[in-house]
Amino acid sequence: SAVISQKPSRDICQRGTSLTIQCQVDSQVTMMFWYRQQPGQSLTLIATANQGSEATYESGFVIDKFPISRPNLTFSTLTVSNMSPEDSSIYLCSVRWENQPQHFGDGTRLSIL
Amino acid sequence: AQKVTQAQTEISVVEKEDVTLDCVYETRDTTYYLFWYKQPPSGELVFLIRRNSFDEQNEISGRYSWNFQKSTSSFNFTITASQVVDSAVYFCALSESKAAGNKLTFGGGTRVLVKP
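Report follows, based on the coordinates. (Residues numbered from 1 in each chain as written. Chains lettered and ligands numbered in written order. Predicted model: local features only at pLDDT ≥ 70, side-chain atom pairs only at ≥ 80, totals over all residues. Heavy atoms only, no water.)

## A look at the overall build of chain B
Filter applied, for reference: By definition, any uninterrupted DSSP run of H or I lasting at least four residues is a helix, any uninterrupted run of E lasting at least two residues is a strand, and each is numbered from the N terminus. Radius of gyration: over C-alpha atoms. The globule rule applied is 2.2 Å multiplied by the number of residues raised to the 0.38 power. Note on contacts: a residue pair qualifies if any of its non-hydrogen atoms lie within 4.5 Å across the two residues. His is not counted, nor are the chain ends; Lys and Arg add positive charge and Asp and Glu add negative charge. Just so you know, the charge point we use is NZ for Lys, CZ for Arg, CG for Asp and CD for Glu.
A tally of helices and strands in chain B yields 0 helices and 12 strands. Mapped in sequence order, the helices and strands of chain B form the string β-β-β-β-β-β-β-β-β-β-β-β. Relative to a compact globule of 116 residues, whose C-alpha radius of gyration would be 13 Å, chain B shows 14 Å and is just as compact. Considering only C-alpha atoms, chain B reaches an extent of 45 × 30 × 20 Å along its principal axes. Here the analysis covers contacts within chain B between residues at least 6 apart in sequence; of these, 55% occur between residues at least 24 apart. Across chain B, the 12 positively charged side chains and the 13 negatively charged ones have centroids separated by 4 Å.

Shown next as structure tokens:
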């Protein structure tokens, strides 16, 4: 199975700033996704990261707030822009390849002061 | 639109007791996949099982077993002889074959606390 590395593992940020989260996979994967898990809540899909083109966002999430890049088949970034306390969450990257189920990175715990 | 409901928000048991987690789903698709994931206190999400809609056979893996019943749109998960290490939040999820990239829709999760 693929090894998924997510950085940073946690961060504390000031409101109004932006943070970029990286997701690196040790092998090429077909699909990469970004999820948000608010405190005590379930996971909600933010967007599907498309290689070489704009990400596909779910309802309620916009590119200006959550810009995503996927320059190749092993790497993606999610930026949380102009952060507010409501953005305090765990952000998780997941990947899928061939006929495999989605596998998740360890997540980034983000706190906004 | 698809939906996954886990009615139990939290279950507390004593070690060695069995615990069953309920999962009910809604979908209009005839081809879909159901999943269970475990999220221990450390936060990572661990894949446990995937079933497709055409395979209603129950499955057992060690102390874990799953009961898929299409007639009631349920995919329940039982932990037999629970252990403290089973303490975690468990998520049921659904993926429709027609959904782009087979994206996952998660239930609200059930927190399991196993006391020694």
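## Some words on the packing of aromatic side chains
Let me state the cut-off plainly: Stacked, edge-to-face and tilted labels apply to pairs of Phe, Tyr and Trp rings (six-membered ring for Trp) whose centres lie within 6.5 Å, assigned for plane angles under 30 degrees, over 60, and everything in between, in that order. Think of it in three bands: residues with accessible area under 20% of the maximum for their type are buried, residues over 50% are exposed, and the middle band is partly exposed, with areas taken using a 1.4 Å probe on protein chains only.
Taken as a whole, this structure holds 19 aromatic pairs over all chains when the rule is applied. A ring pair is formed by A:Y35 and B:F106, whose centres lie 5.7 Å apart and whose planes are at 90°; its orientation type is edge-to-face. Of this pair, A:Y35 sits in strand β4 (residues 31–37) while B:F106 sits in strand β11 (residues 104–106), placing the two residues on different chains. Each member of the pair, A:Y35 as well as B:F106, is classed as buried. Each ring, one from B:Y25 and one from B:F68, has its centre 6.3 Å from the other, and the planes form 50°; the classification is tilted.

## Looking at the pattern of salt bridges
Pairs may arise between side chains of opposite charge once their charged atoms sit close together. Residue and element names in this part refer to chain B. Formally: The salt bridge criterion pairs a side-chain nitrogen of Lys or Arg with a carboxyl oxygen of Asp or Glu, the two atoms within 4 Å.
In this structure the tally under the stated criterion is 5 salt bridges over all chains. A salt bridge links R51 to D55; its shortest N-O distance comes to 3.1 Å. The class for R51 is buried, based on a relative accessible area of 8%. For the salt bridge of R51 with E59, the shortest nitrogen-to-oxygen distance reads 2.4 Å. Put simply, R51, D55 and E59 are held in one network by salt bridges that share partners.

## Some thoughts on the state of the cysteines
Residues and elements named next belong to chain B. Our working rule: Two cysteine sulfurs form what is called a disulfide whenever their separation falls within 2.5 Å.
Within the structure shown, the criterion is met by 2 disulfides over all chains. A disulfide bridge connects C23 with C92, and the sulfur atoms are separated by 2.0 Å. With the S-S bond torsion at -65°, the cross-link from C23 to C92 turns out left-handed. Highlighted residues: C23 in the loop between β3 (19–21) and β4 (24–26) and C92 in strand β10 (residues 88–96), separated in sequence by 69 residues. The same class applies to C23 as to C92, namely buried.

## Focus: the pairing of strand β8 (residues 75–80) of chain A
Residues and elements named next belong to chain A. So the rule is basically this: Two strands pair under a simple rule: DSSP has to find at least two bridges between them.
Of all 6 residues that make up β8, 6 are buried, and the element is covered over most of its length. Side chains F75, T77 and T79 project from β8 onto one buried face, and the interleaved S76, L78 and V80 project onto a second face that is buried too. As defined by bridge partners, strand β3 (residues 19–25) adjoins β8 across 6 bridges and the pair is classed as antiparallel. From the neighbouring strand, L19 faces β8, where its bridge partner is V80. Bridge analysis of strand β7 (residues 68–72) against β8 gives 3 bridges, and the strand direction is antiparallel. Residue N72 lies in a different strand from β8, and its bridge partner there is F75. Where β7 folds back onto β8 in an antiparallel hairpin, the turn is made up of 2 residues.

## Details of the interface of chain B and chain A
This is how the line gets drawn: Buried area adds together the accessible area that both of two parts lose upon being put together, with accessible area traced by a 1.4 Å probe. Throughout this description, a polar contact denotes any pair of N or O atoms lying within 3.5 Å of each other; where both atoms belong to protein, one of them has to be capable of donating a hydrogen while the other can accept it, and for residues adjacent in sequence the pair is counted only when both atoms sit in side chains. Residue polarity is assigned by list, with Asp, Glu, Lys and Arg as charged and Ala, Val, Leu, Ile, Met, Phe, Trp, Tyr, Cys and Pro as nonpolar; anything else, Gly included, falls into the polar class.
Taken together, the contact between chain B and chain A spans 18 residues of the former and 19 residues of the latter. Regarding the contact of chain B and chain A, the summed buried area is about 1,500 Å², with carbon and sulfur atoms giving 51% of it. Ranking the residues of chain B by area buried against chain A places B:L45, B:R50 and B:K103 at the top, with a combined share of 29%. Inspection of the chain B/chain A interface yields 1 salt bridge. Close ionic contact of A:E58 with B:K103 constitutes a salt bridge, the shortest N to O distance being 2.8 Å. The interface formed by chain B and chain A contains 7 residue pairs in polar contact (both at pLDDT 80 or more). Elements that contribute at least two residues to the side of chain B that touches chain A include exactly β5 (32–39), β6 (46–52) and β11 of chain B. Counting residues per element, the side of chain B that touches chain A draws most heavily on β5(B), at 3 residues. Residues of the side of chain B that touches chain A, tallied by class, amount to 8 nonpolar, 7 polar and 3 charged.

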